Structure formats: structure tokens, C-alpha cells
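# A structural walkthrough
The chain contents come next:
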Amino acid sequence: MDSFISKFHTLDAWLKNPLILFALIGAGLGVQWVIFRLLKLSNKRKPSLLKAQLLTRLVIPVKILVPLLFVYSSLSVFELSTFWQKCIEAFIIINFTWILIAFLEGLEIVVKDKFEVGGNHKAKDRKVLTQLRFLKSIAFIVIITLAIATILWNIPQVRKIGTTILTSAGVIGIIVGVAAQKSIANLITGFQIAFTQPIKIDDEVVIEGEFGVVEDITLTYVVIKIWDLRRLVLPLSYFNDKPFVNWTFKSKDIIGTVFLYVDYSFPVASLREELMTILNTQPQWDKQTADLLVTKAKQNNIELRASFSAKDASDIWSLRCQVREKLITFIQENYTNNLPRVRFKSMVQKQDV
């Protein structure tokens, strides 16, 4: 063994350095394999979504980071220039940033799954998820900013330039503040939306005459997924300046209505019975609310309002369409003579003979 080591030291640098480099990379990959092997065994014995997310999201960045750390710990052997040392340090910082971001994304999935029940989230849970989404975006910006600052601060030449720039930071701050008024206003509005909760992730809203679901809330805009799969993108400031309808502000369950107009001679009780028969065949009805009332009596007809409930806006839309169609069919087939009609009063004019 001693003779092998002595012979290894006598090798030229062009041959010795690559061998050391490959050995360090191999050791790093071996350590990474052991770590993830143990994690896989742990997940196999006691499965959890967090372990599954770590196995999926961290395998590549850790596979790069661990060998880099082994190489960095032995830089003195290679006698590299300062430039290459700074490059390796920058790669380590970038990789560590990658791991933090991947971990936060996996943690978001775990939290969302914890609150999800039957594919849906309750209103109070969606509040937490909206705040989590906003805080995650802020965390991404902070992590990336710190990573870039650390890389630049690690370079002596850039550090000297940075010291000079800091002396005029006050003037630059004023200029940037004036130029980015709208962006700053959107950021402040984002904090307000995240914690006062006028809208939340998965809220069902009517905005600009369009019905949709809040798909994403970023630091500057909100994405509304419209019923026909288009996306309506609105700046955060919109929700402070203009009114909008939130159908799921407190909860997702909702009452839908269907209006019908019939003649005064129409037997309302029979239609009320038919409404219950129809609702009992519809899976969207949650069996909480159902009623048929005469809401108006006009000159030529009466207005009937059928009301019923469902668990969310999508179900209530489908239920309204089904109930409307079936009630109209029932009237057409059984009470054609009781449809709205216009009556003309005969006028007899008396003429003097």
C-alpha cells in the first residue's frame, strides 16, 4: 500500500489530478446514492408524501452538489487559480439554491395534500393555501436574490464596485421607486390579498362578465381559469379598484334558481312535485335545499322560481340546465293549455243612433 502511494505521488500532475478528480466525484456520487437509498427504504417501510417529493425533486441537485462539495474540500490538491475556485463556489451556491427551491415546491405539495378532502378544499383551508402560495413566491425571490448577492460578493472585483454603488443607493432607490410605482403598488396589494383574502386559490368568481376559477395568484397578477379553458389575467390592483362577484367567499355550496312563466290557470302544486322528482334523479343535488314558489304575479302570467342547492358553482350550473330543460318538457307534455297567453278585452263601442 505504501509503495502504491509513493508511486502515485510520483505521477505527473496531468495524470494525477484527473485521477483524484474522478475519485472525488465517485465518492460524492457514492454518498449521494447511500443517502437516497436509505430514504427510499424509509419511504418503503413508512410511505409519506414528503419523502416521495424529496426523492423526486432532490435527486438531481443533490447528485450534483455532493460531488462538488467533495471537490471543493480538496481544492488545495489541484492548485487551481482563484478564478476556478470562485467558479466552483458559484456552482455550489447555485446548486444549494436549486435544492432550497425544490424543497419549497415539494413542501407546498405536501401542505396542499394535507388540507385536501375529497378533491376539494374548504374555505379556511384555501385561505392558508393562498397565503402559502404568496409566501412561497416571496421566498423564491429572497432565496434567488441572496444567492446572486452571495456570488457577486464572493468576487473581490465586484465587491469593490458594489461598495461604490452603495454610496449612491439613496439616489438610485428614489429613481427606482418612482419608475416602479405600479409594481410596488401591485406588491403591496399582493400582501393585502394574501392576508385579507377577498379572493383565494380555487375561488369561483364572476369578473368582467366571465365565470371562472382562481387558478393562480402571483406577486403581480391573478390568473382566472374561465369555464371554456381560456385564462383571464388581471393585475392585482384590479381587485382593489373594481367590484367582482365571489361565489365561494365563505363556502363553495351555493343555491341556484330557474325561473318559469306560466298562465294563471297553471297548477303550481303539480310542478312542485315534478321538481322534487327531477332533483332526486340528479347526482349534483346535495339534498339540502329545494323549493318552488310563485314570486311574481304579472298582468299576463305568473313567475315561478325553482330553487335548489349544490356543492359548488360547477354543479349548480349543470343542475340549473337539467332542471330547466326537464321542467319545460314536463309543461309542454302535460299543460300546453296553461302556457302564458295574451288576453284581449273586447270593447263594445256604443254609437248614438
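Calculation notes
- Residues numbered from 1 in each chain as written.
- Predicted model: local features only at pLDDT ≥ 70, side-chain atom pairs only at ≥ 80, totals over all residues.
- Heavy atoms only, no water.
- Helix = DSSP H or I, 4+ residues; strand = E, 2+ residues; numbered from the N terminus.
- Pairing = 2+ DSSP bridges.
- Contact = heavy atoms within 4.5 Å.
- Core = buried A, V, L, I, M, F, W, Y, C linked by side-chain atoms within 4.5 Å.
- Buried < 20%, exposed > 50% of the residue type's maximum accessible area, 1.4 Å probe, protein only.
- pLDDT = per-residue confidence, 0-100.
- Axes fitted to C-alpha atoms, helices over the stretch in contact; angles between N-to-C directions.
- Expected span 1.5 Å × (residues − 1).
- Arc of directions from axis to C-beta.
- Patch = residues over 30% accessible without salt bridge, like charges linked within 9 Å, V, L, I, M, F, W, Y side chains within 5 Å.
- Areas by Shrake-Rupley, 256 points an atom, 1.4 Å probe, with all protein chains shown as cover.
- Salt bridge = Lys/Arg side-chain N within 4 Å of Asp/Glu carboxyl O.

### Thoughts on the environment of Gln288
- With respect to the element layout, Gln288 can be found in strand E7 (residues 285-297).
- Sequence separation between Gln288 and Ile255 is 33 residues; the distance between their C-alpha atoms is 9.5 Å.

### Quick word on the sheet that holds strand E4 (residues 231-235)
- With antiparallel pairing, the five strands of this open sheet are ordered in space as E4-E3-E2-E1-E5. Each end of this open sheet is capped by a strand with a single partner; those strands are E4 and strand E5 (245-246).
- Here strand E1 (residues 204-207) runs beside strand E2 (residues 210-217); their pairing, made up of four bridges, is antiparallel. Within E2, the residue paired with Glu204 across the bridge is Val213.

### Examining the environment of Gly28
- As for its position among the elements, Gly28 is in helix H2 (residues 13-45).
- Separated by 43 residues in sequence, Gly28 and Val71 place their C-alpha atoms 8.6 Å apart.
- Apart from residues lying up to four places away in sequence, Gly28 is in contact with Val66, Pro67 and Phe70.

### A word on the nonpolar core
- Membership of the largest hydrophobic core comes to 23 residues, with the highest contact counts inside it found for Leu271, Leu275, Leu304, Phe308, Val323 and Leu327.
- Only strand E6 (254-262), helix H12 (268-280), E7, strand E8 (302-310) and helix H13 (313-334) provide two or more residues apiece to this core.
- By residue number, the principal contributor to this core is H13, which donates six residues.
- Beyond its immediate stretch of four places on either side in the chain, Leu327 contacts Leu260, Leu271, Glu274, Leu275, Ile278 and Ala306.

### Describing unusual backbone geometry
- The phi angle at Glu208 is positive, at roughly 55°, despite the residue not being glycine.
- Within the chain, Lys287 stands out as a residue other than glycine whose phi angle is a positive 65°.
- Mapped onto the elements of the fold, Lys287 is located in strand E7.
- Residue Lys287 is classed as exposed on the basis of its relative accessible area of 54%.

### Here we look at the confidence of the model for the chain
- Per-residue confidence for the chain gives a mean pLDDT of 78, with 76% of residues at or over 70.
- For the chain, the element scoring lowest by mean pLDDT is helix H1 (residues 2-9), at 49; H12 scores highest, at 92.
- The low-confidence segment residues 347-353 (pLDDT under 50) makes zero contacts with residues lying over four places distant or belonging to another chain.

### A short note on the sheet that holds E6
- The sheet built from three strands is open, its strands ordered E6-E8-E7 with antiparallel pairing. Each edge of the open sheet carries a strand with a single partner, namely E6 and E7. On average, each strand axis in the sheet is inclined to that of its neighbour by 20°, with strand direction left out of account.
- Relative to E8, E7 is paired through eight bridges, and the arrangement is antiparallel. Looking at the pairing, Leu292 lines up with Ala306 of E8.
- Packing against the sheet, H12 makes contact with E6, E7 and E8, and its axis sits at approximately 155° to E7.
- Across the sheet, H13 lies against E6, E7 and E8, angled at about 20° from E6, the strand it touches most.

### Remarks on H13
- The terminal C-alpha atoms of H13 lie 31 Å apart, and with 22 residues this matches the ideal 32 Å at 1.5 Å per residue to within 8%.
- Burial in H13 covers these residues: Ala313, Asp315, Ile316, Leu319, Val323, Leu327, Phe330 and Ile331. Seen end-on, H13 carries its buried residues on one side only, within an arc spanning 125°. With respect to the buried face of H13, the exposed residues turned more than 90 degrees away are Trp317, Glu325, Gln332 and Glu333.
- Taken together, the buried residues of H13 touch E1, E2, E6, H12, E7 and E8.

### A short note on a nonpolar patch on the surface
- On the surface, Trp33, Val34, Leu38 and Leu41 cluster together to form a nonpolar patch covering roughly 410 Å² of accessible area.
- Here Val34 lies in helix H2.

### What to know about the pairing of E2
- The hairpin turn running from E1 into E2, its antiparallel successor, is two residues long, and Glu208 in that turn takes a positive phi close to 55°.
- One ladder, built from five bridges, connects E2 with strand E3 (residues 221-226); its direction is antiparallel. Of the residues in E3, the one forming a bridge with Ile217 is Val222.
- Connecting E2 to the antiparallel partner E3 that follows it, the hairpin turn spans three residues.

### Describing helix H4 (residues 59-73)
- If you check H4, its first and last C-alpha atoms are 22 Å apart, about what 15 residues at 1.5 Å a residue would give, namely 21 Å.
- Among all positions of H4, only Pro61, Val62, Leu65, Val66, Pro67, Leu68 and Val71 are buried.

### Comments concerning the pattern of salt bridges
- Tallied over the entire structure, the rule returns seven salt bridges.
- As a salt-bridge pair, Glu108 and Lys136 come within 2.8 Å of each other at their nearest N and O atoms. A residue pair is termed long-range when its members are at least 10 positions apart, and Glu108 in helix H6 (residues 82-115) and Lys136 in helix H7 (residues 123-153) qualify at 28 residues.
- We classify Glu108 as buried; its relative accessible area is 9%.
- Here Lys136 falls in the buried class, since its relative accessible area comes to 17%.
- The residue Asp228 makes a salt bridge to Arg230 at a minimum N-O spacing of 2.7 Å.
- In this structure Asp228 comes out as partly exposed when scored by relative accessible area, which is 31%.
- Under the relative-accessibility criterion, Arg230 is labelled partly exposed at 43%.
- Salt bridges linked by common partners bring Glu210, Asp228 and Arg230 together as one network.

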